[in-house]
Amino acid sequence: MKRRSFVKGGAVSVFGAGLPLRGALAQSRYARYAGQTVTFGIPAHPHYDAMLKILPEFTRETGIKVDVDKLAMGRMKEKHLLEMAKPQGDYDLVSYVVMWKGEYVAKNLIHPLERFLKNPALADPAYDLNDIVPIYLENLGMVGGPKGYLAGPGAQLYGLPYGAETSVLAYRRDIFAKHNLQPPGNYDDFARLLRLLKDKEGIGALASRGQAGHQCVHAWLLHLNPLGGSVFDDRWKVRFNDEAGIKALKFLQEVVATGPAGIPAYGQGESNTAFLQGQAAMYLDSTSLAGLVNDPAKSRIAGKVSWALHPMGTRRASQSGGLGLAIPRNAKNADAGFLLMQWLTSKAQDKACTRAGGTPVRNSTMVDAELVRQYPEFITFREALKYSNPDWRPIIPVWDKINVQALGVGISEALTGKKTAEAALNDLVAPVTQIMREANYKV
Amino acid sequence: MRTPSWVPALYLGPAVLIMAAACLYPVLSAFQLGFFDWSMGTPWSDARWVGLDSFVSAFSNPRVWSSLWTTLLFAAVCVSAEMVLGIALALALEKPVRGTAFFRTLFILPMMIAPIAVGLAWRYLFDAQFGLVNAVLGLFGMAARGWLSDPALAFAAIVVADIWQWTPFVFIMMVAALANVDAAVIEASRIDGARWWQMTFLVKLPMVMHVIAITLMMRLIDAFRVLEVIYVLTFGGPGDSTEILALHIYKTAFVGQQLGAAAAISVLLLVVVAALSWGALRLSNPLKSEK
């Protein structure tokens with residue numbers, strides 16, 4: 001069975017359990033929980049800002065109150081871990097970054113969703129899990145399987161995507177037209193354009209993340225995948241210092257050299273700002289930017305941006321990642337938390353959140369005629385999702401440590417010129433291997 | 001009637017015991033944690049005894065030593081500059097002249113701002129594209145610099161942010177100390193013909209040396225513990241050029257999920273800070289004059 005069909009198949013069987021109980025039972029599923037308060041841990045993130053605009057409707061519709069605890073993305077995990085480790089924590093629903101899912105499951109902190117989805121008193125028969133973009137569902141929701149973080153035998157659904165993303169190229173239509181340029185279809189064209197745009201336009205060619213830690217690793221991985229590389233081979237042996245890894249890092253060094261000043265200090269926010277404020281001609285990163293581009297309060301380039309697929313290297317591969325929703329095992333109001341999760345990711349609310357500037361997680365939202373008129377880039381996004389790679393980065397439980405404490409230092413050193421691309425990656429082999437051994441991988 | 005010797009002990013005892021417990025418990029807990037491998041988010045029963053492994057690793061880990069060196073350099077540069085600037089400002093505003101109250105208030109504002117906000121403010125000020133620092137440099141025809149993307153400049157940036165925030169602390173301590181210098185001594189030195197620098201360096205500052213020592217010690221301790229501003233400003237980068245020990249401990253605990261290893265490095269930090277504080281107090285023991 002193919003991985004994607006496994007995701008779909010599992011989802012259908014789990015949700016199908018609720019189908020015979022349509023009608024009165026389903027309609028009254030909120031009544032039991034009216035008056036309860038769901039404590040919801042969310043990050044400061046554009047998608048969740050959009051979500052906050054539709055959230056009051058949930059309370060009006062269900063009688064369930066929601067207490068939102070909004071935290072900076074960087075501080076969210078430590079707070080959530082502290083809460084979820086208690087016998088009874090404060091949270092009934094938490095948002096998590098995709099990279100944390102394996103760790104949360106390994107530490108037995110979040111519920112598998114099956115018990116909620118199979119409960120006819122809770123599950124909405126009209127929910128249609130199959131409509132959720134399968135790659136998002138696999139990447140953000142599934143834990144287990146042969147690799148531990150993908151679908152396959154043994155995998156279970158632990159979360160639902162909410163604030164999920166893939167990578168696309170955004171470019172300044174006006175600048176490209178002025179110089180009679182086409183968006184890059186492959187990495188050779190991409191590399192040529194970096195220098196050309198810098199020389200001709202005098203602004204940065206490509207906005208990119210680059211700050212030490214997770215941010216610069218994310219930027220490097222964006223190029224590593226299409227260039228044919230990966231962090232580990234199939235037996236968890238390091239392979240990031242091979243030809244593809246070095247090529248990807250050299251490409252990123254060129255992005256820094258031709259990009260807006262200060263990329264080695266850029267987080268996602270700064271990279272977005274550089275593009276939105278007209279300091280870069282291209283942007284290659286998360287689809288979450290789309291909601292901001294045409295907002296005149298946040299963007300100086302409204303109406304000047306077109307979208308294209310992530311350029312092709314030796315293969316076409318766009319990223320997969322972003323945020324999901326899960327229910328802590330120690331939640332006081334877990335059922336009410338599930339009802340909120342289900343409501344937020346329903347067809348109607350996915351559209352409502354997208355209208356408010358959020359990123360859709362459902363296929364039906366991305367083909368909705370009204371929304372496609374508002375966001376024509378959805379046509380490109382749907383195409384990009386065909387190439388989205390759920391194995392884009394190895395989200396094993398120790399990935400955060402490898403990401404921030406090893407790769408995040410060495411790649412940053414390469415971006416500031418302290419080390420060559422080759423030296424930086426070769427020097428990282430020993431510490432990453434050591435972390436893998438400490439985590440009991442036989443490498 | 002003479003008070004029995006046990007009465008002061010009776011009155012002070014409970015407070016001293018509570019203070020001792022409040023101070024010692026976290027230290028002993030950290031020390032105990034250093035002997036275990038315990039990941040955040042798991043029950044304590046899952047913690048694994050590792051003996052001295054974490055302490056040995058702390059000593060053998062080059063990242064610990066490089067971040068300790070960065071911390072020492074950071075503390076030395078920041079605290080020196082803050083002491084000199086704070087004392088100079090206090091001497092300048094010692095005498096009440098027109099606008100003194102306004103300037104005193106203005107100078108202490110930075111230390112009232114939350115460190116996270118300070119980090120964010122300086123992050124924008126140092127932004128290579130939109131930052132005020134580069135804009136000002138541009139007015140003088142100087143090229144824009146990547147303040148937070150160049151290892152040397154990033155270190156300078158965190159130093160500037162710390163000096164900006166904490167010089168006011170030294171200033172306010174010194175203003176209070178100088179206000180308590182006996183006016184008769186100053187007057188006597190003036191009558192004896194002391195010049196400004198003699199009055200400052202040979203009379204006033206020696207008379208407030210105990211406050212200087214305490215201030216120096218407090219700033220040293222704080223400089224070793226600073227975390228939020230650097231977390232926001234650089235997150236230790238580029239590379240690990242601004243990764244001070246407190247940030248390394250944070251990453252070990254909350255990113256690496258090695259609470260035991262983080263606790264072991266914290267004990268190392270405690271020893272270094274205690275040694276430096278002891279040295280600062282030895283410079284001028286404020287309790288000596290009380291004997």
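The rules behind these values
- Residues numbered from 1 in each chain as written.
- Chains lettered and ligands numbered in written order.
- Predicted model: local features only at pLDDT ≥ 70, side-chain atom pairs only at ≥ 80, totals over all residues.
- Contact = placed C-beta atoms within 7 Å.
- Helix = DSSP H or I, 4+ residues; strand = E, 2+ residues; numbered from the N terminus.
- Nonpolar A, V, L, I, M, F, W, Y, C, P; charged D, E, K, R; others polar.
- Buried ≥ 20, exposed ≤ 12 C-beta atoms within 10 Å, placed from the backbone.
- Arc of directions from axis to C-beta.
- Core = buried A, V, L, I, M, F, W, Y, C linked by C-beta atoms within 7 Å.
- Domains from an automatic or database assignment.
- Axes fitted to C-alpha atoms, helices over the stretch in contact; angles between N-to-C directions.
- Parallel < 35°, antiparallel > 145°, perpendicular 65-115°, else oblique.
- Left-handed = near helix turned anticlockwise from the far one by under 90°.

Q: Provide a residue-level description of the interface of chain A and chain B, including the pertinent values.
A: At the interface, 27 residues of chain A touch 24 residues of chain B. Among the secondary structure elements, those contributing two or more residues to the side of chain A that touches chain B are α4 (73-84) and α19 (399-415) of chain A. Its residues assigned to classes, the side of chain A that touches chain B comprises 14 nonpolar, seven polar and six charged.

Q: Give me helix α2 (residues 53-60) of chain B: which residues, what numbers.
A: Since one α-helical turn is 3.6 residues long, residues separated by three or four positions face the same way. Residues and elements named next belong to chain B. Considered for burial, the residues of α2 that qualify are S54, F55 and A58. Buried positions in α2, seen along its axis, are confined to an arc of 100 degrees and lie on one side of it. Facing away from the buried side of α2, by more than 90 degrees, are the exposed residues V56 and S60. On its buried face, α2 is in contact with α3 (62-92) and α13 (259-283).

Q: So what about the nonpolar core? Which residues, and what values?
A: Burial of nonpolar side chains together is a common tendency in soluble globular proteins. Ranked by internal contacts, the top residues of the largest apolar core, which has 202 residues, are A170, W220, L249, M282 and L340 of chain A together with M174 of chain B. For this core, the element with the most residues is helix α7 (residues 151-179) of chain B, which contributes 13 residues. Taken domain by domain, this core gets at least three of its residues from each of domain 1 (3-165 + 320-386) and domain 2 (166-319 + 392-438) of chain A. With residues up to four places along the chain from it excluded, the contact list for A170 of chain A reads F275, M282, Y283, L289, V293, V305 and W307 of chain A.

Q: Before we move on, can you summarise helix α10 (residues 214-224) of chain A with the specific residues and values?
A: Residue and element names in this part refer to chain A. Within α10, 11 of the 11 residues are buried, which leaves it mostly tucked inside the rest of the structure. Buried within α10 we find H214, Q215, C216, V217, H218, A219, W220, L221, L222, H223 and L224. In this structure, the buried side of α10 is in contact with β6 (160-172), α11 (243-258), α12 (268-276), β8 (280-286) and α19.

Q: Can you tell me about the environment of L270 of chain B, naming the residues and giving the values?
A: Residue placement: L270 of chain B occurs in helix α13. The sequence separation of L270 of chain B and L33 of chain B amounts to 237 residues, and the corresponding C-alpha distance is 14 Å.

Q: I'd like a description of the domain arrangement of chain A, backed by residues and values.
A: All names here are of chain A. If you check the domain split of chain A, you get domain 1 (3-165 + 320-386) and domain 2 (166-319 + 392-438). Computed from C-alpha coordinates alone, the two centres of domain 1 and domain 2 are separated by 28 Å. Contact with domain 1, which involves 24 residues of that partner, is made by 22 residues of domain 2. Where the side of domain 1 that touches domain 2 is concerned, the elements lending two or more residues are α3 (46-62), α5 (101-106), β10 (320-326) and α18 (378-386). For the side of domain 1 that touches domain 2, the element with the highest residue contribution is α18, accounting for five residues.

Q: Go over the packing of α3 of chain B against α7 of chain B with me, naming the residues and quoting the values.
A: All names here are of chain B. Running from N to C, α3 and α7 cross one another at 40 degrees; their axes reach a closest spacing of 7 Å. With respect to α7, the axis of α3 lies oblique. Seen from above, α3 lies across α7 with right-handed handedness. Packed against α3, whose contacting residues are F74, V77, C78, A81, E82, M83, L85, G86, I87, L89 and A90, the element α7 presents I158, V159, D162, I163, W166, T167, V170, F171, M174, V175 and L178 at the interface. In terms of residue class, the contact of α3 with α7 is built from 18 nonpolar, two polar and two charged.

Q: Summarise unusual backbone geometry; cite the residues concerned and give the values.
A: That bond from G237 of chain B to P238 of chain B is cis: its omega, -5 degrees, falls within 30 degrees of zero. By the secondary structure assignment, P238 of chain B is in the loop between α11 (228-233) and α12 (245-255). Not every positive phi belongs to a glycine, and N108 of chain A is a case in point at roughly 60 degrees. Along the chain, the position of N108 of chain A falls in the loop between α5 and α6 (114-117). Taking the number of C-beta atoms within 10 Å as the measure of exposure, N108 of chain A has 13 and is therefore partly exposed. With a phi close to 50 degrees, F235 of chain B is a non-glycine residue in the positive phi region. By the element assignment, F235 of chain B lies in the loop between α11 and α12. Overall, the presence of 25 C-beta atoms within 10 Å leaves F235 of chain B in the buried class.

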